[in-house]
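These are the residues of each chain, in order.
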4 protein chains.
Amino acid sequence: MITTQTLLDFFKETRAHTETICAPLQTEDYVVQPIVDVSPPKWHLGHTTWFFEEFILKHHKSGYTIFSDDFAFVFNSYYESVGKRVVRTDRGNLSRPTVAQVYAYRNYVTEALIELLEENTNDEIVKLLTIGIHHEKQHQELLLTDIKYILGNNPLMPVYDGHFSENSIESQSQKWISITEGIYEIGHQGTDFCYDNELGRHKVYLHDFEISNRLVTNGEYLEFINAGGYKQTLLWHAEGWDWVQTQKIIAPLYWHLIDNKWHQYTFKGLQKINIEAPLAHISYYEAFAYAQWKEMRLPTEFEWEVAQSQFNWGQRWEWTESAYLPYPGYAKEPGALGEYNGKFMVNQKVLRGGSVATPTHHTRPTYRNFFQTGLRWQFTGLRLAK
Amino acid sequence: MITTQTLLDFFKETRAHTETICAPLQTEDYVVQPIVDVSPPKWHLGHTTWFFEEFILKHHKSGYTIFSDDFAFVFNSYYESVGKRVVRTDRGNLSRPTVAQVYAYRNYVTEALIELLEENTNDEIVKLLTIGIHHEKQHQELLLTDIKYILGNNPLMPVYDGHFSENSIESQSQKWISITEGIYEIGHQGTDFCYDNELGRHKVYLHDFEISNRLVTNGEYLEFINAGGYKQTLLWHAEGWDWVQTQKIIAPLYWHLIDNKWHQYTFKGLQKINIEAPLAHISYYEAFAYAQWKEMRLPTEFEWEVAQSQFNWGQRWEWTESAYLPYPGYAKEPGALGEYNGKFMVNQKVLRGGSVATPTHHTRPTYRNFFQTGLRWQFTGLRLAK
Amino acid sequence: MITTQTLLDFFKETRAHTETICAPLQTEDYVVQPIVDVSPPKWHLGHTTWFFEEFILKHHKSGYTIFSDDFAFVFNSYYESVGKRVVRTDRGNLSRPTVAQVYAYRNYVTEALIELLEENTNDEIVKLLTIGIHHEKQHQELLLTDIKYILGNNPLMPVYDGHFSENSIESQSQKWISITEGIYEIGHQGTDFCYDNELGRHKVYLHDFEISNRLVTNGEYLEFINAGGYKQTLLWHAEGWDWVQTQKIIAPLYWHLIDNKWHQYTFKGLQKINIEAPLAHISYYEAFAYAQWKEMRLPTEFEWEVAQSQFNWGQRWEWTESAYLPYPGYAKEPGALGEYNGKFMVNQKVLRGGSVATPTHHTRPTYRNFFQTGLRWQFTGLRLAK
Amino acid sequence: MITTQTLLDFFKETRAHTETICAPLQTEDYVVQPIVDVSPPKWHLGHTTWFFEEFILKHHKSGYTIFSDDFAFVFNSYYESVGKRVVRTDRGNLSRPTVAQVYAYRNYVTEALIELLEENTNDEIVKLLTIGIHHEKQHQELLLTDIKYILGNNPLMPVYDGHFSENSIESQSQKWISITEGIYEIGHQGTDFCYDNELGRHKVYLHDFEISNRLVTNGEYLEFINAGGYKQTLLWHAEGWDWVQTQKIIAPLYWHLIDNKWHQYTFKGLQKINIEAPLAHISYYEAFAYAQWKEMRLPTEFEWEVAQSQFNWGQRWEWTESAYLPYPGYAKEPGALGEYNGKFMVNQKVLRGGSVATPTHHTRPTYRNFFQTGLRWQFTGLRLAK
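Residues numbered from 1 in each chain as written. Chains lettered and ligands numbered in written order. Predicted model: local features only at pLDDT ≥ 70, side-chain atom pairs only at ≥ 80, totals over all residues. Heavy atoms only, no water.

Chain A appears in an unreviewed UniProt entry as Ergothioneine biosynthesis protein EgtB from Dokdonia pacifica. Taken from UniProt, the Pathway (unreviewed entry) comment for chain A reads in full: "Amino-acid biosynthesis; ergothioneine biosynthesis." (UniProt positions renumbered as here; feature names shortened; annotations may be inferred.)

**Brief notes about the overall build of chain A**
Broken down by element type, chain A carries nine helices and eleven strands. In terms of overall size, chain A behaves like a compact globule, its C-alpha atoms giving a radius of gyration of 22 Å where 386 residues would be expected to give roughly 21 Å. Seen through its C-alpha atoms, chain A measures out along the principal axes to roughly 65 × 55 × 35 Å. Taking all 386 residues of chain A together, 61% fall into the buried category. For chain A, the share of sequence-separated contacts (at least 6 apart) that also reach a separation of at least 24 residues comes to 78%. Element-wise, carbon and sulfur atoms account for 50% of the exposed surface of chain A, whose accessible area totals about 14,700 Å². (Helix = DSSP H or I, 4+ residues; strand = E, 2+ residues; numbered from the N terminus. Rg over C-alpha atoms; globule rule 2.2 N^0.38 Å. Buried < 20%, exposed > 50% of the residue type's maximum accessible area, 1.4 Å probe, protein only. Contact = heavy atoms within 4.5 Å. Areas by Shrake-Rupley, 256 points an atom, 1.4 Å probe, with all protein chains shown as cover.)

**A short note on the interface of chain A and chain D**
Taken together, the contact pairs 27 residues of chain A with 27 residues of chain D. Area buried by chain A at its contact with chain D is led by E28(A), R96(A) and L156(A), which between them contribute 30% of it. If you look at where chain A meets chain D, you find two salt bridges. Here D29(D) makes a salt bridge to R96(A), at a shortest N to O gap of 2.6 Å. Our count for the contact surface shared by chain A and chain D stands at eight residue pairs in polar contact (both at pLDDT 80 or more). With four residues, helix α3 (residues 69-75) of chain A is the largest single contributor of residues to the side of chain A that touches chain D. (Buried area = accessible area lost by both parts, 1.4 Å probe. Salt bridge = Lys/Arg side-chain N within 4 Å of Asp/Glu carboxyl O. Polar contact = N/O pair within 3.5 Å; in protein donor to acceptor, adjacent residues only side chain to side chain.)

**Observations concerning the interface of chain B and chain A**
A common way to state how big an interface is: give the accessible area lost once the parts meet. With 38 residues of chain B in contact, the opposing surface of chain A contributes 38 residues. Across the interface of chain B and chain A, roughly 2,800 Å² is buried in total on both sides, 59% from carbon and sulfur atoms. On the surface where chain B and chain A come into contact, there are two salt bridges. E181(A) serves as the salt-bridge partner of K203(B), at 3.7 Å between the closest nitrogen and oxygen. Here chain B and chain A share ten residue pairs in polar contact (both at pLDDT 80 or more) between them. The biggest single contributor to the side of chain B that touches chain A is strand β3 (residues 202-206) of chain B, with four residues. By residue class, the composition of the side of chain B that touches chain A is 16 nonpolar, 13 polar and nine charged. (Nonpolar A, V, L, I, M, F, W, Y, C, P; charged D, E, K, R; others polar.)

**Brief notes about the pairing of strand β9 (residues 349-353) of chain A**
Working note: regular strand, side chains alternate between the two faces of the sheet. All names here are of chain A. The element β9 is largely enclosed, with a buried count of five among its five residues. Alternating positions in β9 separate into two faces, K349, L351 and G353 on one and V350 and R352 on the other, with burial throughout. One ladder, built from four bridges, connects strand β8 (residues 317-323) with β9; its direction is antiparallel. In the strand pairing of β9, A323 is matched with K349. Summarising the sheet, β9 and strand β10 (residues 369-371) pair through three bridges and their orientation is antiparallel. Looking at the pairing, L351 lines up with N369 of β10. (Pairing = 2+ DSSP bridges.)

**Here's the deal with the environment of K386(C)**
If you trace the backbone, K386(C) turns up in the segment after β11 (380-381). Along the sequence, K386(C) and K248(C) sit 138 residues apart, while their C-alpha atoms lie 30 Å from each other.

**Description of the UniProt feature "domain: Sulfatase-modifying factor enzyme-like" (unreviewed entry) in chain A**
The residues that UniProt annotates with the feature "domain: Sulfatase-modifying factor enzyme-like" (unreviewed entry) are residues 174-323 of chain A. Strand forms 26% of residues 174-323 of chain A and helix 24%; the C-alpha atoms that close the span are 27 Å apart.

**What about the relation of the copies chain A and chain D?**
Each of the two chain copies can be generated from the other by rotation about an axis followed by a shift along it. When chain A is fitted to chain D, the best match, at an RMSD of 0.0 Å, comes from turning it 180 degrees and sliding it 0.0 Å along the axis. Both chain copies can therefore be described as sitting about a two-fold axis. Taking C-alpha positions as the reference, the residue of chain A nearest the rotation axis is E28(A), at 3.0 Å. Here 100% of the contact residues of chain A are again contact residues in chain D; the copies associate through an equivalent surface. (Least-squares fit on C-alpha atoms with pLDDT ≥ 70 in both.)

**As for the environment of T366(C)**
All names here are of chain C. Examined against the element boundaries, T366 turns out to sit in the loop between β9 (349-353) and β10 (369-371). According to the relative accessible area criterion, T366 is buried, its value standing at 9%. When the C-alpha atoms of T366 and D192 are compared, they prove to be 12 Å apart, with 174 residues separating the residues in sequence. Contact partners of T366, with chain neighbours within four places excluded, come to G187, H188, E198, E305 and R352. Here E198 takes part through its side chain, which lies 2.7 Å from a polar atom of the side chain of T366.

**Quick word on the pattern of salt bridges**
Throughout the structure, instances matching the rule amount to 76 salt bridges over all chains. In this structure, the salt-bridge partner of E166(D) is K148(D), at a minimum N-O distance of 2.5 Å. Of this pair, E166(D) sits in the loop between α5 (123-152) and β1 (176-179) while K148(D) is found in helix α5, placing the two residues 18 residues apart along the sequence. Each member of the pair, E166(D) as well as K148(D), is classed as buried. Members of the salt-bridge network, linked through shared partners, are R15(A), E19(A), R106(A) and E136(A).

**Observations concerning the pairing of strand β1 (residues 176-179) of chain C**
Residues and elements named next belong to chain C. On β1, burial follows the alternation: I177 and I179 on one face are buried, whereas W176 and S178 on the facing-out side are not. As paired strands, β1 and strand β4 (residues 209-212) are joined by four bridges and run antiparallel to one another. Opposite S178, over in β4, you have E210 as the bridge partner.

**Observations regarding the relation of the copies chain B and chain A**
Note on the copies: chain B fits chain A at an RMSD of 0.0 Å, the axial shift is 0.0 Å, and the rotation between them is 180 degrees. Taken together, the interface assignments show that 100% of the residues at the interface of chain B recur at the interface of chain A, consistent with an identical surface on both copies.

**Brief notes about the packing of helix α2 (residues 41-60) of chain A against helix α4 (residues 99-119) of chain A**
Residue and element names in this part refer to chain A. Axis separation between α2 and α4 bottoms out at 9 Å; the angle between their running directions is 35 degrees. Taken as a pair, α2 and α4 cross one another with a handedness that is left-handed. On α4, the residues touching K42, L45, G46, T48, T49, W50, F52, E53, I56, L57 and H60 of α2 are V99, V102, Y103, Y105, R106, V109, A112, L113 and L116. The class makeup of the residues in the contact of α2 with α4 is 13 nonpolar, four polar and three charged. (Axes fitted to C-alpha atoms, helices over the stretch in contact; angles between N-to-C directions. Left-handed = near helix turned anticlockwise from the far one by under 90°.)

**Re the packing of helix α2 (residues 41-60) of chain B against helix α5 (residues 123-152) of chain B**
Residue and element names in this part refer to chain B. Across the interface, α2 lies against α5 with an axial gap of 8 Å and an inter-helix angle of 170 degrees. On the basis of the axis angle, α2 is roughly antiparallel to α5. Tallied by class, residues from the contact of α2 with α5 come to 15 nonpolar, seven polar and three charged. (Parallel < 35°, antiparallel > 145°, perpendicular 65-115°, else oblique.)

**Details of the domain arrangement of chain A**
All names here are of chain A. Domain assignment breaks chain A into domain 1 (4-152) and domain 2 (176-381). Listed per partner, the contact involves 27 residues of domain 1 and 28 residues of domain 2. Here domain 1 meets domain 2 over a buried area of about 2,600 Å², counting both sides, of which 63% is carbon and sulfur. Our count for the contact surface shared by domain 1 and domain 2 stands at zero salt bridges. Between the two partners, domain 1 and domain 2, sit ten residue pairs in polar contact (both at pLDDT 80 or more). (Domains from an automatic or database assignment.)

**Some remarks on the sheet that holds β11(C)**
Residues and elements named next belong to chain C. Reading across the sheet, the four strands line up as β10-β9-β8-β11 and stay open at both edges, with mixed pairing between neighbours. Sheet topology places β10 and β11 at the edges, where each strand pairs with a single neighbour. The sheet strands contacting helix α8 (residues 284-293) are β8 (317-323) and β9, and the helix crosses β8 at an angle near 85 degrees.

**Description of the confidence of the model for chain A**
Confidence in the prediction of chain A, expressed as mean pLDDT, is 93, and 94% of residues score 70 or more. Interface scoring of the predicted complex returns ipTM 0.94; its pTM is 0.95. (pLDDT = per-residue confidence, 0-100.)

**Description of helix α8 (residues 284-293) of chain D**
Residue and element names in this part refer to chain D. By the criterion of burial, α8 is predominantly enclosed, with eight of the ten residues buried. For α8, the set of buried residues is Y284, Y285, E286, A287, F288, A289, Y290 and A291. Where α8 begins, the capping side chain belongs to S283, and its oxygen is found 3.3 Å from the backbone nitrogen of Y285. At the exit of α8 stands E295, carrying a positive phi of roughly 60 degrees.

Here it is, written out as structure tokens:
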């Protein structure tokens, strides 16, 4: 069992890390929302704070005064059951509260929580605080990828951090790991933290399959582009083909063809494509089409979980063929926290692994990330199976 | 093995049945397309005919002359790999070819195929003809439900057929069928026709579950409506809730509240709701929300297939919790016919069973129907599991 | 004063002429609505009939029984003050009432009106009937141009009438008619029928101007196309440029470049462009850009009206530079008939003249036609001024 | 003729005033763009600066180095003929350049221009500088109204300036000024600066009319609201009625019904409606509907110009019935500056007068402001005529 002190340190470290991520930003960078999926950094700062205020301080700290009613309104996200919220597409229209006010809000809530923990704690608080910390860690990854989108779609293409390396090299030679047909157990076990969607450890039957020991690289994907992969209807789902046509997609997100050479916007600014680095910023549709072109397929999330101890992972979120669905015996949390995961279990795909943007200790072999099939602003890549 | 004579009879019967479905129509009814998912009846007549011409007659009947180049263009559907096509949303703008011309086209192709079968046949032709017949049977169901939509959304609400009973009574008392945990086999076996998406018979591991012996009825769903089910956010997927709000959904499709009594448009015209009849014309979102409200869930397609011999089915397509995905070892047909099923295997849900609109012998225990989660114009209902 | 007999003949002739226009149609052609501005021919037949029923028979014929409540609902157009109406974009979704039923409705109302006129008449009836006849004549022009759109946008491009010549030749040599600065009178005078928007004869002050004796021809417009007119931003209004870019406009409506030769869909089917014929099917934006390119301008409606006795007109509606606004002293009719013209007096341009689709005796020197600036499905051309 | 010194002072004063307007802003307020018609304040600062750089410094200052190629790209507006531009809807997505960088850009260009003027001047420079100054003055008004929109649509409704009074009282009693029928002269005369759209002084013939000595007040408009003005179809243009329905309009912009009392967001924050103040923030559609309801009309821009010496004006832009069209003899400037006015002369209405947001000396009796008919974020009101 985690001690209060450990939890308190974990809390402080998490709060501080969010602010470290924002350190290279200009005030203006905190405000904008170039597409609906991206939130202004300011909003992430406020929303993760609001979570602690709404679910812990309001109910468990006697005499706690809400920082501002307006903030509670502005920083609620999708928790439909907790009051009115600012429509998601409107987040980028809000110049107030200012960044300074949001930081004041953060400090106020952080201090109040530290006080609470020092004076009083119980199982309920521990549980909520743990969720709150992991919630903030999830937002740290979104915060970083949203920042990349905000800067990477600005015509000035500014550098975020000249030392941030997002392109380690996938140097292993290609091997195929074989897994034998049979019954396997899936899902989280043990007492460490996990989300409700990983629970309900259960059996699945898998047939013989092979899975690659490494991720697909930029260089391999370039072959697909050069072979006309984006123009061959039959490689694509009908819906994927519509997406390619409507959005005029010809390469992964952040790729730019300049003087006939492919470049890529990174946290270090615009750079030449590194052909040995693992591919990133592709949609599920692209992952699927690439696998079709190779006459292979994506692994299911179960295959991935069973095989994962035999390969390296964590550099890129990996699209799987599995739809995001409840495990047998899945039960939502009652009340507003129950909105956390279950309500997204339709028309999304599971991604397994982790990425360079994932905070330390935030992922694990049973972690189920999920996104809609056309989204690309996360560090999303693929691993082949057959 | 099917004999040529049997196949020929099957072909003739199928062609004739399509025309029987259209018998009650006025010429004008053949032309319109009120929403993008509905095709004009004229188009179904032409498209099923084009399929035989394009895939069989053109390649296998020596000296065959295409009826009209324009028709080939107009009646192609989504087969991206076979020439230009009329954009789907434009189908309802086409007054020409006329209904009479389309019937002439049908007769021309039907006669040519009969001739071909009488003079020459081989395995390839048998295979293509079998697919063509089943393709037309699939369209028969769409044709009927499209007709319902066309007439049911006309302010005059005309009768299609005064003898067509779509509301048999679900009279059985509620019982729960228990299935024991273990390994089960899924998928088609034997030599009878099935689609490629049913193939790759394989094992799945199921946990203990119970499934209802009967479908949810109109009366039961009315309780959900009256309890404010459409207003309780937490019962819905996020995406489902958006759908309810945006589309202003308050009841199943074709339901009308008149003088405070619920009515329903049927093939017999507008009628009072039959509370003992199985519920129809709901989206997956509604099926899910109803199950949530009952604190149960929808079965998976595997649970359904394993349990189906123990209950009656075939009156209504039943939404399952399963996403429409390839079975292990699924392989697409090469070429244009490969577009048939695989390209839809993303962001759709599997429905099992059959409906009053399904042609005889067109469904089976392993049949996998599939639709997007918001569609309601098919006879779609639900069966509870827990 | 018009006699009852003359009016009756005029009424009969008008009703018959509408049906003559429809004579070449197939039943299917009556039903479709390819764009929102085009109405199904069936709807024109019903709507012009409904006008007589709603405004005359219901109020002035004792014992008159409405043909059908549903029809009154379906065939109301934009008369917001007279009951619920079918949303305009839905007209093409309605297969019922059938064409045969609409003709029955026409006959019923025509007979009832003839009876009414034979048994009883008064000033009010004469006035309403006169409006009703002119209303139907206006719809005759729309009917014909809507038919052209329906057939001309069908991939089969069917012939409407092999004898219908829409391309007379503009054979006169170019001359400039000079008008001297001064006060002129504008607007209708006399007791003949005119619309309320022509009334309020009033003075305007015109400065010296010159106006062309002839319309711009296809050949002249081809020079504009070949000179890159559609690609020169500065020739266009900002709004017009957006229209060109968004709609990807490169030529007038119905023009098709086939084997590098310009063709044009006409009532006789697809034909080579006649370079001597007056240009048609252009938007106001195109008329303006062409005049800019020629370093001239469009005439105002007042200039046109003052000069019109000195040139031939009536072949093509001519875009003017004038916005459609009320004349000084303009007063709307009270009640529903007041919706006829006044409510459109914003963001439209006046067109003067008439066209090959205009019924005999339906236009006059003071007639003010009007359309939104991007519309092209009427026979719209231009005459230069400077 | 203006002296260089006067012009230089005028230039400095104008540049300084723009920055004064921004003084109360937080950095975040400079960045957002809540609707497409509103630009981020940062963009106004940069764009007015770019204008001087692009049209004067680049061509007339020897050895001038452009501040930044990126800025030239980002701050171009609608000048289609001068290079690529940032699509207007994207302005609010740009966090960079930062506010500090934009101010640096301003200073750089201001200094360079001062230097230029001190070392060298000629007629061309004087002309361009004059236009540039007036261009910036126009943007000052937009800047202020855009700021109002940004703050007024924020849920926190922050105060901009507690001393800014936008609601002076319209205290005069209602009188009608009569103007007699005859020929009048319209348009700018003299050598003072005016825009090209005011030129071509010309004669118009006006009929007898009366025009009010005062603007319509909030209190008078409240009577219209309370009488159900927004629900009476017949008071509205067809297009206006669609606008009311689609946008769910029930009151002027910035009006809020709180505890059954009407409030209004102002530069001082949320306040009770002042019923004696002139009405503002209405669309042309509302102005027209109000006049209809009073059984009067809006004046034309010519009537306004002829009568204006007999009443007070300048508090509110006044919608007129006149469409924004070229005067007889209007000729666009050649080149990019010709894009300034002429390209907007379609589907907009002229407004006359001025407003509390108009910079000193920026309007005059012949000044023609213009907006699309549905826009309301300017200080727009109305004066009745009959």
